[in-house]
Amino acid sequence: MTFASPLGRFQASINPEKWEDYVADLPPLEESKGEIRGHWNERLGTFQKLILIKSLIEEKVSQDEFVIVSLGKQFVENPPVDLANLYNDMSPSTPLIFILSTGSDPMGAFQRFAKERGFESISLGQGQGPIAEKMILEALKSGQWVFLQNCHLAVTGWTLINFCFHFSMDFRLFLSSMPTKVFPVTVLQNSVKVNTHIHTIPLQDKLSLCYFHLECALLNLNLYCKDGIIPWDALIYITGEITYGGRVTDAWDQRCLRTILKSFFSPQTLEPDYSFSTSGIYYAPETDQLEDYKKYIESLPIIDDPEVFGMHENANLRQETMTLISTILDVNPRSSAQHGAKSNDEIVCELAESILLKLPGKRAQTETNNVRLVMRYFLWFQSSLVTLQKAIAGLVVMSEEMDRIYTSFLNNQVPTHWSNSAYPSLKPLASWVKDLTLRTSFIQTWITLGQPKSFWISGFFFPQGFLTGKPLQDRGECSDHCYIHPHRSISFVTRQLPEPEDGVLVHGMFMDSCRWDDDNMVIEDALPRVMNAMLPIVHFEPQRNYVPEPSLYHAPLYKTSVRAGTLSTTGHSTNFVVTVMIPSSRPSDYWISKASALLCQLDD
């Protein structure tokens, strides 16, 4: 069975005589000598082919390619922002709203557009509301243009803007805001919206941005390379820590930024035919003509392969596939039951009842922080589920909160009201409930049977407290110094679990973008289609003034795969747990560029 389409090429043998293995890559269709056999190429639609690819080689799923085949290339290429055309849709009562995204700023394009007309602008924030109101009132009389920036920072002050729309005067109002829930719906409905994502920047602006960075780089080169010697380390420090370092606050992101800069600030970049990627697609054209650079930029692929960032091909598994699946679930229609199928009310009621049966009763009586926290969550969840069942039966009013829980259950998603109050997790509802019961069982077993030989790191609501708490204080020499610098030496256990004199044994960690080689006892590249390999049991041993060996890779351990959280006073994200030293036969920069890290739990 063979079929081919712009989505890719697929070839399979039904009941083969000898099983070998999955073939990672097939030659391009135009280079293949054989013809397409069978009728599946005609019988399967585009979406059916996408499902088949998702089932067998998930990392090759591309939602952009699917959109291109189904709708056209113009639906994945964001058109450039043309303010002249957008102005024709505006009126004194119809403002223009720039929906901001990270890294985008429409102010430059707006200044060029309104250069001859003239305008007044102000960035909203604390204490800027009265000034903005006065500016709008004056503009109503004079016909001036007004640009209110960062409207998401101003929760109040929108009454005046709504009132102004009743006037018919020669003025224009421009707004910019990040996506926010406090933005007034009436203003949003009566306005022209434009998304200023970084990819919507016109090619000329992108080149201007590149020239701006080039100008900064030339200033540094003229300052530090007068003698003909290039101080690579100084350039990396100035660019990473000074020029761009102020925008990067997380210590691990700063390490990643420095590693990426090393691939651009190195002697190898001066060699002829140097490429920034292994495929050779991304390189610096050897020309000084602007048109040549434009043609090269336009020839770059729409969908960037992970290898351009130095990452493993498995990176497509989470980004592309998860986005596609979640989008399909969000737009899935909620129709009533037909031909004997269960209705939505029946589905939600059965799901709520099954969750209630899985939640334990008041069995744990030991007064510990984890137990009290778990039991408080259980009581809260039980109350929500009982109220939801009564609301479906019509015994109580279906509140807005219950309606959101109802919709989340239909989508197999954890209700936001629950997830915001519980421990960090990205699991769907079924897996989340199972994980919650496993955490409870782990704590209950510990209370009933005593301290385990190996601790399940994911079973703790606050794993940082465990690693620096009583178990390490009793067994090791944990001190405040050890807590501030939580670097531990590790050893991997492959036989019967010993009972260490110092420290603790920990299991339940997963490796992201890497795997563990049992033969050579080092970290290695992840296998294709294996996103998260299991890390063996680790011995955490606290030591005073510990100096790690240079060959060890400093792998951050995170609670979830999102790797993001609130920046704490320690300089780390609240999602960060501890640094784990892993033996490696490769330089640390290799694993940093691949974003290799450890996780306490997976997303499924």
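One numbering rule holds for all chains: residues counted from 1, following each sequence as written. For a predicted model such as this one, the threshold for reporting local features is a pLDDT of at least 70, and the threshold for listing and counting side-chain atom pairs is 80 or more; totals across whole chains, interfaces and linings nevertheless cover every residue. The side-chain quantities take in all heavy atoms of the structure and omit both hydrogens and water.

Another aspect to go through is the pattern of salt bridges. Note on definitions: salt bridges are taken to be side-chain nitrogens of Lys or Arg within 4 Å of carboxyl oxygens of Asp or Glu. Enumeration over the complete set of coordinates arrives at 9 salt bridges. Of the charged contacts in the structure, one is a salt bridge between Glu-524 and Arg-586, with a shortest N-O distance of 3.9 Å. Placement of the pair is Glu-524 in strand β14 (residues 522-524) and Arg-586 in the loop between β18 (576-583) and α22 (588-593), with a sequence separation of 62 residues. In this structure Arg-586 comes out as partly exposed when scored by relative accessible area, which is 33%. Through salt bridges with shared partners, a single ionic network connects Glu-524, Asp-525 and Arg-586. Segments assigned H or I by DSSP are reported as helices when at least four residues long, segments assigned E as strands when at least two residues long, and all are numbered from the N terminus. A 1.4 Å probe rolled over the protein chains alone gives each residue an accessible area, and that area as a share of the maximum for its type sets the label: buried under 20%, exposed over 50%, partly exposed in between.

Here the phi dihedral of Asp-273 falls at roughly 60 degrees; this positive angle occurs in a residue that is not glycine. Relative to the helices and strands, Asp-273 is located in the loop between α11 (251-264) and α12 (290-299). The residue Met-521 is not glycine, and still its phi comes out positive at about 55 degrees.

A few words on the side chain of Asp-435. Mapped onto the fold, Asp-435 is located in helix α18 (residues 429-449). Note on definitions: a residue-residue contact is assigned when non-hydrogen atoms from the two residues lie within 4.5 Å. If we skip the residues at most four places from it in the chain, Asp-435 touches Tyr-423, Lys-427 and Trp-456.

Looking now at the pairing of strand β4 (residues 119-123). In short, DSSP must find at least two bridges between two strands for them to pair. By the bridge criterion, 5 bridges tie β4 to strand β5 (residues 145-149) in an arrangement that is parallel. Each residue of the ladder has a partner; that of Ser-121, found in β5, is Phe-147. The handedness rule is simple: strands pointing away from the viewer, and a clockwise path from the first strand over the helix to the second, make the crossover right-handed. Read as a crossover between parallel neighbours, the route from β4 over helix α6 (residues 129-142) to β5 is right-handed.

Attention now goes to the packing of aromatic side chains. Pairing of aromatic side chains here covers Phe, Tyr and the six-membered ring of Trp, requires ring centres within 6.5 Å, and sorts the geometry by plane angle: under 30 degrees stacked, over 60 edge-to-face, intermediate tilted. Counted by the stated rule, this structure contains 29 aromatic pairs. With centroids separated by 6.0 Å and ring planes inclined at 15 degrees, the aromatic side chains of Phe-113 and Trp-145 adopt a geometry described as stacked. Linking Phe-113 in helix α5 (residues 107-113) with Trp-145 in strand β5, this pair joins segments that are 32 residues apart in sequence. Note on Trp-145: relative accessible area 4%, which makes it buried. Centre to centre, the rings of Tyr-274 and Phe-276 are 5.3 Å apart; their planes meet at 90 degrees, and the pair counts as edge-to-face. With relative accessibility at 25%, the residue Tyr-274 sits in the partly exposed group. An aromatic cluster of three or more residues is present, and its members are Tyr-87, Phe-98, Phe-110, Phe-113, Phe-119, Trp-145, Phe-147 and Phe-174.

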